[in-house]
Amino acid sequence: MQVTGFYYLNNQSHSTEVTLWLTQDSSCEQVRIYSGDELLVQFDQYRQGQQLSGLPVELVFIDGSRFVPHSASHRWPSESAWDRLLERIEKHKTAVLGCVIASAVLAWLLFFKFIPASAAVVARSLPDSVVHAASEQTLAALEYVYLEPTNLDEAQQTHIRTLWQSHIAKMDQAPEHLVLHFYSAPEIGANAFALPDGQVVLTDELALILKDNDTALLAVLLHEIGHVQYQHGLTLAAQSAGSSVTLALMFGDLEGFAEIIMGTGSALIQQQFSRDMERQADTFALEQLSQLGYHRSAFAEAMQALAQAHGMDEKEQGTLWDYLSSHPAISERIENAHKTD
Amino acid sequence: MDLSQTDSATNTTPQFQPYSRRVEFSGSGKEFFSIWIVNIVLTLLTLGIYSAWAKVRTYRYFYGHTQLDGHRFDYLATPIQILKGRILAFIFFVIYMFCTQFVPVLGILAIFILLFLTPWIINQGMRFNMRMSRYRNVRFNFKGSYGEAFVVFLLLPVASVFTLYLLLPYVFKRMDQYLHSHIEFSDTPISVNTKGGEYYLAALMAYVAAGIVAVIMLALAGAFGFGLEAMIQDPEMMNDQAGAIAGVSIMVMMMIVYFVAFAVATGIYQTHIRNHLLNSSELQGIADFKSDLKMIDYTLLVFTNTLAIVFSLGLAYPWAKVRSARMLSNATEVTFLCDPQTLHDQLGEQQSAFGEEAADMFDIDLSLG
Ligand SMILES: [Zn+2]
């Protein structure tokens, strides 16, 4: 085998135009390097550099000198099976198309199956003390920004607490450590939310609009207990961390606007998962309502009251906004409550 | 004056005639697409571990296809070095996330530690990248100092906040100067004589251009918005869908305005700074650099690359990378001031003299990306 190229001495920029002869017997290999007719040097050992489509493959010798062929397509007999396989795939049109499809399928599996599943496992296997500490931090932050001491009078608080306790006692598989807090939240308005360790926050505004409808209030609280039961908060946090790391590994260095768009895409996926979680919590609340012997329509009443309080027409949703929202459309949630009732 | 210059030139290199060469890039979008997509499949299959091998293949592709005076650049890092760096970064990230989520006091401490580690990480990253870059069998090197990096990357940016960011272009000048003037090749540092004024000029041009573009586009959008409003006034269109469409289209419009203004600003700023930086740099006595990147060409490139990546859902990424590499290479010229055949790899000579192993404990890739 005869190849032309540059011969570099160890640690020097000096290069020589050479012709390299590689002879192979059954037992040994020999490399002889000629500059014109003059034999410069010969070796009986060499190591080949990494192989990559479109680039020449260098030979490195025992004294640190190197030979780089001029031809980018020349390959040595010592190429590894793995290098050859990769290069064949990269040069094969159908194989590359297969890779495009495979990467789409794999990315889908990863983002929609593997990451959510492992996020759920991570959320479940976190020790209670850690979950509790995280919840305390979140609540402290919320208190600092949005929440103010409750304005509900004692009688009202006791009434709701009794409602809460009497029903939790009756649930067969209630999560442990459930605690109810009251806060006034003028900026958030009528709302309720759950922290991963079982603390549920009810705003005065919500308690007021549902003060004549205990079952509807119970439906809202059960929905929040559903979030605690399925560890939704922690799962979503773990999931979004996993997705961002994966995106970073796929694209490495996206710059500027492309990065923003890809980030937005990832956020939209997260919203999709968030909506699925809301549906799961809704179903949990509806089932518990039935088990406790109440009418499922109580949930629909709660949703209607919420929509009204936030100045939404129940028909207003169910449009483009659905894809941007972290919650399913109110109309859909109300419909679900009326289904199979 | 002229006479003395020619005198000194002839004294140092009696027979050598300086000559100039353009940098060439020979990679192709199609070829790199194949490499990239195979990298992605293997990275996904191995849950990210292969990304270290993928990075080496990508860098080797871009370095190897960059040629100057008939010789290729080489990227020398091994996947294991990259993997070690990533594992280290991952461990720190997990600890940091854990701290901020559960023990905020430790989280703040972690931020402080990271802050004080930043100059070291920057030096380490540059050192690694330079030592892994080779041209004509000679490796680059980087010799930064913690103190200077601390001033340039921590103190000055903080100080610029107190000057309402008026100091920022000067800070960028200092950063570029720090990163480039500590690069060495064949035991010679690059001398960088950039001017702060050019950075202010670049920032001003970018601001003004982005502002003009934004105003023009908003005016157009306003005209379009009137039409939309008229449509909604129409009783038959007065439904929920129209409201939602109007809301979403305003959002999309704002994003487009932002995107165009951003691309224009980036293109103008980067072109001006790159040209100024390379034109003010010289590898003393070895090579002089020149850059003549065209502002309009580069802005269009940034613009079309982003559009292509977004609308192809990322599939145009390899094509965009190759296009950028080609334009930047072709805009770069190097003048050899001495015979490039006579240089030495000081790093390698030291190593053999002291019998040290090439990979010391911190020879891992800490650079991001
Ligand atoms: Zn919910």
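Bear in mind that the values here come from a model prediction, so they are computed numbers and not experimental data.

**Re helix α4 (residues 154-170) of chain A**
Residues and elements named next belong to chain A.
Reasoning step 1: With 17 residues, α4 should cover 24 Å at 1.5 Å per step; its first-to-last C-alpha distance of 25 Å lies within 8% of that length.
Reasoning step 2: Every buried residue belonging to α4 is among Q156, Q157, I160, L163, W164, H167 and I168, and all of these are buried. Summarising the axial view, the buried residues of α4 lie within an arc of 130°, below the 170-degree limit, and thus occupy one face. Away from its buried face, by an angle of more than 90 degrees, α4 presents the exposed residues E154, A155, Q165, A169 and K170.
Reasoning step 3: For α4, the elements touching its buried residues are β9 (179-184), β11 (199-203), α5 (204-209) and α6 (214-229).

**A closer look at the coordination of the zinc ion**
Residue and element names in this part refer to chain A.
Reasoning step 1: The coordination sphere of the zinc ion, as far as protein atoms go, consists of H223 (NE2), H227 (NE2), E278 (OE) and E278 (OE), spread over 2.0 to 2.8 Å.
Reasoning step 2: Coordination at the zinc ion is irregular, judged from the four donor atoms that bind it and the angles of 51 to 136° they form at the metal.
Reasoning step 3: Counting residues between consecutive donors of the zinc ion along the chain gives the motif H-x3-H-x50-E. One end of the pair, H227, is in helix α6; the other, E278, is in helix α8 (residues 256-291), and 51 residues separate them in sequence. When sorted by exposure, H227 lands in the same class as E278, which is buried.

**A word on the sheet that holds strand β1 (residues 2-8) of chain A**
All names here are of chain A.
Reasoning step 1: With antiparallel pairing, the seven strands of this open sheet are ordered in space as β4-β3-β2-β1-β7-β6-β5. Only two strands of the sheet have a single partner each, and these edge strands are β4 (38-43) and β5 (47-48).
Reasoning step 2: Summarising the sheet, β5 and strand β6 (residues 59-60) pair through two bridges and their orientation is antiparallel. Each residue of the ladder has a partner; that of Q48, found in β6, is L59.

**Here we look at the sheet that holds strand β9 (residues 287-291) of chain B**
All names here are of chain B.
Reasoning step 1: Spatially, 10 strands are ordered β1-β2-β3-β4-β5-β6-β7-β8-β9-β10 in a closed barrel, and the strand pairing comes out antiparallel. Each strand of the sheet is rotated relative to its neighbour by a mean of 30°, with strand direction disregarded.
Reasoning step 2: Helix-sheet contacts for helix α3 (residues 51-64) involve β1 (19-25), β2 (66-68), β3 (71-75) and β4 (133-135), and the interaxial angle to β3 is about 160°.
Reasoning step 3: Its contacts with the sheet place helix α11 (residues 317-330) against β1, β2 and β10 (332-336), and it is angled at close to 175° to β1.

**Description of the pattern of salt bridges**
Reasoning step 1: Within this structure, the stated rule accounts for 15 salt bridges over all chains.
Reasoning step 2: The residue R333 of chain A makes a salt bridge to E278 of chain A at a minimum N-O spacing of 3.9 Å. One end of the pair, R333 of chain A, is in helix α10 (residues 330-338); the other, E278 of chain A, is in helix α8, with 55 residues separating them in the sequence. For the residue pair R333 of chain A and E278 of chain A, the accessibility class agrees, reading buried in each case.
Reasoning step 3: In this structure, D69 of chain B engages R136 of chain B in a salt bridge whose closest nitrogen and oxygen atoms are separated by 2.4 Å. Separated by 67 residues along the polypeptide, D69 of chain B in the loop between β2 and β3 and R136 of chain B in the loop between β4 and β5 (138-142) bring together distant segments of the chain.
Reasoning step 4: Owing to a relative accessible area of 4%, R136 of chain B belongs among the buried residues under this scheme.
Reasoning step 5: If you follow the salt bridges from partner to partner, you end up with E58 and R66 of chain A together with D74 and R134 of chain B in one network.

**Quick notes on the pairing of β1 of chain A**
All names here are of chain A.
Reasoning step 1: With respect to burial, β1 is a largely interior element, five of its seven residues being buried.
Reasoning step 2: By the bridge criterion, seven bridges tie β1 to strand β2 (residues 15-24) in an arrangement that is antiparallel. Bridge pairing links Q2 to W21 in β2.
Reasoning step 3: The antiparallel hairpin formed by β1 and β2 contains six residues in its connecting segment, where N11 sits at a positive phi of about 60°.
Reasoning step 4: Bridge count between β1 and strand β7 (residues 66-69): four bridges; the pairing is antiparallel. Along β7, the bridge assignment pairs Y7 with F67.

**Let's talk about helix α10 (residues 295-311) of chain B**
Residue and element names in this part refer to chain B.
Reasoning step 1: The end-to-end C-alpha separation of α10 is 24 Å, in line with the 24 Å expected for 17 residues at 1.5 Å each.
Reasoning step 2: Turning to α10, its buried residues number three or more, namely Y298, T299, L301, V302, N305, T306, A308, I309 and V310.
Reasoning step 3: Phi for L313, located one or two positions after α10, is positive at around 55°.

Calculation rules
Numbering of residues starts from 1 in each chain and follows the order in which that chain's sequence is written. Labels follow written order: the first chain is A, the first ligand is 1, and so on. In keeping with the predicted nature of the model, local features appear solely for residues at pLDDT of at least 70, side-chain atom pairs appear and are counted solely at 80 or more, and the whole-chain, interface and lining totals rest on all residues. Hydrogens and water are ignored here; the side-chain numbers use all heavy atoms of the structure. The secondary structure listing takes helices from DSSP runs of H or I that are at least 4 residues long and strands from runs of E that are at least 2 residues long, numbered from the N terminus. The span one expects for a helix is its residue count, reduced by one, times 1.5 Å. Here's how the labels work: a residue is buried when its accessible area is under 20% of the maximum for its type, exposed when over 50%, partly exposed in between, all with a 1.4 Å probe on protein chains only. The arc refers to the directions leading from the helix axis to the C-beta atoms. Note on definitions: a residue-residue contact is assigned when non-hydrogen atoms from the two residues lie within 4.5 Å. Keep in mind that water is not among the atoms, so a site may look incomplete; donors are the N, O and S atoms within 2.8 Å of the metal, or 3.2 Å for Na, K and Ca. Between 85 and 135 degrees for all angles marks four donors as tetrahedral; over 155 degrees for opposite donors together with 65 to 115 for all other angles marks four donors as square planar and six as octahedral; every other arrangement is irregular. For two strands to be treated as a pair, DSSP must find at least two bridges joining them. Comment: axis = line fitted to C-alpha atoms, over the contacting stretch for helices; angle = value between 0 and 180 degrees taken between N-to-C directions. Any Lys or Arg side-chain nitrogen located within 4 Å of an Asp or Glu carboxyl oxygen qualifies as a salt bridge.

Spatial relationships are all this shows, so hold off on functional conclusions.
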